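# Architecture and fold: a report
The chain contents come next:
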Amino acid sequence: MGTEGFSSYESSIFIKLIEKVGKWIAYALIIFGLLSLWVYSREKKEKQQPDVTTEQPAQRR
């Protein structure tokens, strides 16, 4: 690893912590986006299929 030009040790720790948290937030947003696309595609397929309703025959007396 190369040296990074931080002004103090505390700022370097803070920046590294922010980078780790940001990385996990990015992973969560990617997963949320993929799940949203999956749900959208399922709903779109359901809308394209025609609704089939079965009618009950008239009862005999």
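Residues numbered from 1 in each chain as written. Predicted model: local features only at pLDDT ≥ 70, side-chain atom pairs only at ≥ 80, totals over all residues. Heavy atoms only, no water.

Let's shift gears to the overall build of the protein chain. Secondary structure summary: the protein chain contains one helix and zero strands in total. Here the protein chain holds 61 residues, and the buried ones make up 2% of them. Accessible surface, the protein chain as shown: approximately 6,700 Å² in total, 61% of it carbon and sulfur. (Helix = DSSP H or I, 4+ residues; strand = E, 2+ residues; numbered from the N terminus. Buried < 20%, exposed > 50% of the residue type's maximum accessible area, 1.4 Å probe, protein only. Areas by Shrake-Rupley, 256 points an atom, 1.4 Å probe, with all protein chains shown as cover.)

On the surface, a nonpolar cluster with roughly 600 Å² of combined accessible area is contributed by Trp24, Tyr27, Ile30, Leu34 and Leu37. Looking at the element boundaries, Trp24 is found in helix α1 (residues 9–48). (Patch = residues over 30% accessible without salt bridge, like charges linked within 9 Å, V, L, I, M, F, W, Y side chains within 5 Å. Salt bridge = Lys/Arg side-chain N within 4 Å of Asp/Glu carboxyl O.)

Turning to the UniProt feature "transmembrane region" (unreviewed entry) in the protein chain, a few remarks are in order. With numbering aligned to this structure, UniProt lists the feature "transmembrane region" (unreviewed entry) at residues 24–40. Its end C-alpha atoms 24 Å apart, residues 24–40 is made of 100% helix and 0% strand. (UniProt positions renumbered as here; feature names shortened; annotations may be inferred.)

Within a pair of aromatic rings, the relevant descriptors are the distance that separates the centres and the angle that separates the planes. A full pass over the atoms with the stated rule returns one aromatic pair. Between Trp24 and Tyr27 the ring centres are 5.4 Å apart and the planes differ by 80°, which places this aromatic pair in the edge-to-face class. In this pair, Trp24 and Tyr27 both sit in helix α1, three residues apart, roughly one turn of the helix. The exposure class of Trp24 is exposed, given its relative accessible area of 59%. By relative accessible area, Tyr27 is classed as partly exposed at 41%. (Phe/Tyr/Trp six-rings, centres within 6.5 Å; stacked < 30°, edge-to-face > 60°.)

In this section: the side chain of Ser12. Mapping Ser12 onto the fold places it in helix α1. Separated by 2.6 Å, the side chain of Ser12 and the backbone oxygen of Tyr9 make a polar contact. (Polar contact = N/O pair within 3.5 Å; in protein donor to acceptor, adjacent residues only side chain to side chain.)

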